[in-house]
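Next come the chains, spelled out residue by residue.
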Amino acid sequence: MDRNQLQRQVALMRSSLIEQVPNPSLPSLKLLVGYLDEQQFLQLEDLQDDVNPNFVEEIVTLFYKDSARLFHNIEQALKSRPVDFAKLDNYMHQFRGSTSSIGAIKVKNECNQFKEFCLAGNAEGCARAFQKVKQEHETLRTQLETYFKLRRQAGLAETV
């Protein structure tokens, strides 16, 4: 595949990550169907330059490393009895902040569900919501890995 085709694939992949569609009931609003908040992701990409062409990929890598630590903490807190909902909420608050920093909107939305179960003191609901958080987290990881791989193949980033 030639470089121009790869660059088109990168552009399509990026669009699919942040795609929005018109909301038929409120035409002035858009429904989010992508994984990333466009404005936040664009801000990250704006920080990328010739000196650091892999800036976004590096930030995302750090996000996933930090996520592993927070997920471990959440899993341990979910297993403890009695469940300390304040501690759970604190861990999820930290994780939610990280998701916001990269614009991971679907993951962030699942974090909000988790928070609601914490506020209600519902351990079973927290456990179910956490599984959804992890599922969206992993789906986003797969999508972003593909995106970054395409960027490297298209020569839009330095080879890592």
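Quick summary incoming for the structure in this document. All values reported here derive from a predicted model rather than from experimental measurement.

Overview of helix α1 (residues 3-18)
Moving on, step 1. For α1, spanning 16 residues, the distance from its first C-alpha to its last is 23 Å, which sits close to the expected 22 Å at 1.5 Å a residue.
Moving on, step 2. Of the positions making up α1, those classed as buried are Leu6, Val10, Met13, Leu17 and Ile18. Relative to the axis of α1, the buried residues are bounded by an arc of 120° and lie together on one face. Exposed and facing more than 90 degrees away from the buried side of α1 are Arg8 and Leu12.

Some words on the packing of helix α3 (residues 55-79) against helix α6 (residues 123-153)
Moving on, step 1. Here α3 crosses α6 at 160°, and the two axes come no closer than 11 Å. One element, α3, and the other, α6, form an angle in the roughly antiparallel class. Helix-helix and strand crossings are classified by hand; for α3 and α6 the assignment is left-handed. Residues Val56, Glu57, Val60, Phe63, Tyr64, Ser67, Phe71, Ile74, Glu75 and Leu78 of α3 lie in contact with α6, whose contacting residues are Ala123, Cys126, Ala127, Phe130, Val133, Lys134, His137, Leu140, Arg141, Leu144, Phe148 and Arg152.
Moving on, step 2. Looking at side-chain class alone, the contact of α3 with α6 contains 15 nonpolar, 2 polar and 5 charged residues.

Rules used in this analysis
Residues numbered from 1 in each chain as written. Predicted model: local features only at pLDDT ≥ 70, side-chain atom pairs only at ≥ 80, totals over all residues. Heavy atoms only, no water. Helix = DSSP H or I, 4+ residues; strand = E, 2+ residues; numbered from the N terminus. Expected span 1.5 Å × (residues − 1). Buried < 20%, exposed > 50% of the residue type's maximum accessible area, 1.4 Å probe, protein only. Arc of directions from axis to C-beta. Axes fitted to C-alpha atoms, helices over the stretch in contact; angles between N-to-C directions. Parallel < 35°, antiparallel > 145°, perpendicular 65-115°, else oblique. Left-handed = near helix turned anticlockwise from the far one by under 90°. Contact = heavy atoms within 4.5 Å. Nonpolar A, V, L, I, M, F, W, Y, C, P; charged D, E, K, R; others polar.

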